[in-house]
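Next come the chains, spelled out residue by residue.
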Amino acid sequence: MQLHCTRPGCPRPLNSFADLDDNQTLKTVQQKFCTTCGMPLILIGRYLPLKLLGQGGFGAAFLARDRYTPAMRPCVVKQFQPAGTLTPSQLATAQGLFEREGEVLEQLGTHPQIPDLYAFFELTVPSFQPGKEDKFFYLVQEFIDGQDLEEELADKGRLSEPEVREILGEILEVLTFVHDNQSIHRDIKPSNIMRQKPSGTMIGNKGKVYLLDFGAVKQVATGAGAGAQSSTGIYSMGYAPPEQMSSSQVYPSSDLYALAVTCITLLTGKQPADLYDPYHNTWNWRSHTQVSDRLADVLDRMLLSTPNQRFPSARDVLAALKPAPAPPPVSPAPRPTSVTPPSPPAPSTSLQKPPPAAPAPRPPRPPRPAPSFSVLEFLAGAGFAGFE
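Residues numbered from 1 in each chain as written. Predicted model: local features only at pLDDT ≥ 70, side-chain atom pairs only at ≥ 80, totals over all residues. Heavy atoms only, no water.

## Digging into the environment of proline 307
Locating proline 307 in the fold gives a position in the loop between helix 8 (293-302) and helix 9 (314-321). For proline 307, a relative accessible area of 23% translates into the label partly exposed. Taking C-alpha positions, proline 307 is 9.0 Å from valine 250, a pair spaced 57 residues apart along the chain. Residues in contact with proline 307, not counting those within four places in the same chain, are Glu243, Tyr251 and Ser253. (Helix = DSSP H or I, 4+ residues; strand = E, 2+ residues; numbered from the N terminus. Buried < 20%, exposed > 50% of the residue type's maximum accessible area, 1.4 Å probe, protein only. Contact = heavy atoms within 4.5 Å.)

Structure representation (structure tokens):
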């Protein structure tokens, strides 16, 4: 097994130990030391740094294993490295800042899309210089197995509007939680947003996104001027807003600015320097992609150079992204009608006399018998007629 030395400036940080390939030895060995600089390799007797994940001016991050867990749980060990040689008072100040940082991270780690904080400790070791000691500060966080958006962008070239809207909505929810807890991230960019590997075998199943690298996070000052705070110069060029670079002041809307720059780089596949016009102090990104007017208008407002012209909060951005409610249906206007006199009411059927019943048909009369002819009656009648 190889262990990585965490001392800054170690000329040969990789160390190989064949005996650590045995699982029983790995879990019971007391300590291992760097064969080059003598730095203890098993941090506080528990964490085994395996490889360097990244390094910057303020520290380094290592992929490590926790040998006090049954499955040797993977984790991320971050080391705070103050630049240059610090005086005792400067070191005490740095230690105080780092301790407050740990308190903030412990609180923020309760969000499901922010890595959990596992451990927080300091380590004092003999220095390269004889008779002196070096003090280092470490924190151990949850390891998110996935791909950050910078790597995803390199693979795809650019992301679609539905993909960016999904990322934007999720990170806005995280920032709502961060800002509600009186903190500001101050270094949002594609490489600090990690998409977890999807679980299961479903086609199209995507893992959720995490907001990483809270090494720059600071608590917002309370009292007068609350909502803004001084910056120590930790930011990424191109993503940081003007107030953070010029006046070292940051606000919740400063995070919104950096998030908007992240979104337009994902939509266009171009770097911030290719989208920003310093002569006119504007962002020219719309011509490089096709998006809906609603999303474009929201991003443009987040990108305004003056903090108070942007959205005041992540919650307001989420509200602006929602589709407008459909207007209530309008009933048609009644048609004009001519005035006609009211018709008389129909007579009630209860008062109406029933029509007379039709007479029953009479049975046919039997034919009369033909009269019998009598000569005497005929002569008598003729005589009577002649007498008259």
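After that view, the rundown keeps rolling.
## Notes on empty space enclosed by the protein
Under the counting rule described, the total for this entry stands at one cavity of 30 Å³ or more. The computed volume of the largest cavity comes to approximately 50 Å³. Lining the largest cavity are twelve residues, with Arg186, Asp187, Ala240, Gln244 and Ala258 sitting closest to its centre. Per-element tally for the lining of the largest cavity: the top contributor is helix 6 (residues 252-268), with three residues. Residues belonging to the lining of the largest cavity are distributed by class as follows: six nonpolar, three polar and three charged. (1 Å grid on protein atoms, 1.4 Å probe; cavity = no way out; pocket = protein on both sides within 12 Å on 5 of 7 lines; lining within 4 Å. Points joined across faces, edges and corners; volume = space filled by probe spheres on them. Nonpolar A, V, L, I, M, F, W, Y, C, P; charged D, E, K, R; others polar.)

## Describing the state of the cysteines
Here the structure, examined in full by the defined rule, presents zero disulfides. There is no disulfide at cysteine 10, and the cysteine sulfur nearest it, in cysteine 34, is 3.7 Å away. (Disulfide = S-S within 2.5 Å.)

## A word on the sheet that holds strand 5 (residues 74-80)
An order of 3-4-5-7-6 is seen for the five strands of this open sheet, with the pairing classed as antiparallel. Unpaired on one side and paired on the other, strand 3 (47-56) and strand 6 (117-126) mark the two borders of the sheet. Taken over all neighbouring pairs, the strand axes of this sheet differ in orientation by 25° on average, direction set aside. Relative to strand 7 (residues 133-142), strand 5 runs antiparallel, the two sharing six bridges. Pairing of lysine 78 across the sheet is with leucine 139, part of strand 7. On top of the sheet, helix 2 (residues 88-108) reaches strand 5, strand 6 and strand 7; it is set at about 160° to strand 6, its chief contact. (Pairing = 2+ DSSP bridges. Axes fitted to C-alpha atoms, helices over the stretch in contact; angles between N-to-C directions.)

## Remarks on the pattern of salt bridges
Following the criterion strictly, the structure yields 15 salt bridges and no others. Measuring nitrogen to oxygen at the nearest pair gives 2.9 Å for the salt bridge that ties aspartate 19 to lysine 32. Placement of aspartate 19 in the loop between strand 2 (14-16) and helix 1 (23-28) and of lysine 32 in the loop between helix 1 and strand 3 is noted, with a sequence separation of 13 residues between them. Take aspartate 19: its relative accessible area is 33%, and that puts it in the partly exposed class. Accessibility expressed as a relative area gives 15% for lysine 32, which makes it buried. Note that aspartate 145 is salt-bridged to lysine 197, the shortest N-O span being 3.7 Å. Taken together, the residues span a long stretch of sequence, with aspartate 145 in the loop between strand 7 and strand 8 (146-148) and lysine 197 in the loop between strand 10 (193-196) and strand 11 (209-211) at a distance of 52 residues. Here the salt bridges do not stand alone but share partners, grouping Glu152, Lys156, Glu163 and Arg195 into one network. (Salt bridge = Lys/Arg side-chain N within 4 Å of Asp/Glu carboxyl O.)

## Re the side chain of glutamate 243
Examined against the element boundaries, glutamate 243 turns out to sit in helix 5 (residues 242-246). In this structure the side chain of glutamate 243 is engaged in a polar contact, spanning 2.7 Å, whose partner is the side chain of serine 254. (Polar contact = N/O pair within 3.5 Å; in protein donor to acceptor, adjacent residues only side chain to side chain.)

## Topic: the confidence of the model for the protein chain
Averaged over every residue, the pLDDT of the protein chain is 82; residues scoring 70 or more account for 76%. Between residues 221-226, whose pLDDT stays under 50, and residues either more than four places distant or in other chains, the model counts five contacts. In this model residues 370-388 is a low-confidence stretch, pLDDT under 50, and it forms zero contacts with partners more than four residues away in sequence or in other chains. (pLDDT = per-residue confidence, 0-100.)

## So, the nonpolar core
In this structure, Leu168, Leu172, Leu259, Trp285, Leu299 and Met302 are the most contacted members of the largest nonpolar core, which totals 53 residues. Of all the secondary structure elements, the ones that give two or more residues to this core are helix 2, strand 7, helix 3 (149-156), helix 4 (161-180), strand 11, helix 6, helix 8 and helix 9. With ten residues, helix 6 is the single largest residue contributor to this core. Excluding residues within four positions of it along the chain, methionine 302 makes contact with Leu168, Leu256, Tyr257, Leu259, Ala260, Arg310, Phe311 and Val317. In this structure, Leu20, Val29, Cys37 and Phe136 belong to the second largest nonpolar core, which totals 26 residues. (Core = buried A, V, L, I, M, F, W, Y, C linked by side-chain atoms within 4.5 Å.)

## Examining the sheet that holds strand 10
To summarise the sheet geometry, strands pair through backbone hydrogen bonds and adopt either a parallel or an antiparallel arrangement. With antiparallel pairing, three strands are arranged side by side in an open sheet as 8-10-11. The open sheet has two edge strands, strand 8 and strand 11, and neither has a second partner. For this sheet the average axis-to-axis angle between neighbouring strands, irrespective of direction, equals 30°. Across the sheet, helix 3 touches strand 8 and strand 10, and the angle it forms with strand 8 is around 85°. Across the sheet, helix 4 touches strand 10 and strand 11, and the angle it forms with strand 11 is around 40°.

## Overview of the pairing of strand 5
Along any regular strand the residues' side chains alternate between the sheet's two faces. For strand 5, the tally of buried residues reaches six of seven residues, placing the bulk of the element in the interior. Bridge analysis of strand 4 (residues 59-66) against strand 5 gives seven bridges, and the strand direction is antiparallel. When the sheet's bridge partners are listed, leucine 63 is paired in strand 5 with valine 76.

## Considerations on helix 8
Each α-helix winds once per 3.6 residues, and so residues spaced three or four apart point in a common direction. All of the buried residues in helix 8 are Leu295, Ala296, Val298, Leu299 and Met302. Down the axis of helix 8, the buried set is contained in an arc of 165°. They therefore lie on one face. Taken together, the buried residues of helix 8 touch helix 4, helix 6 and helix 9. (Arc of directions from axis to C-beta.)

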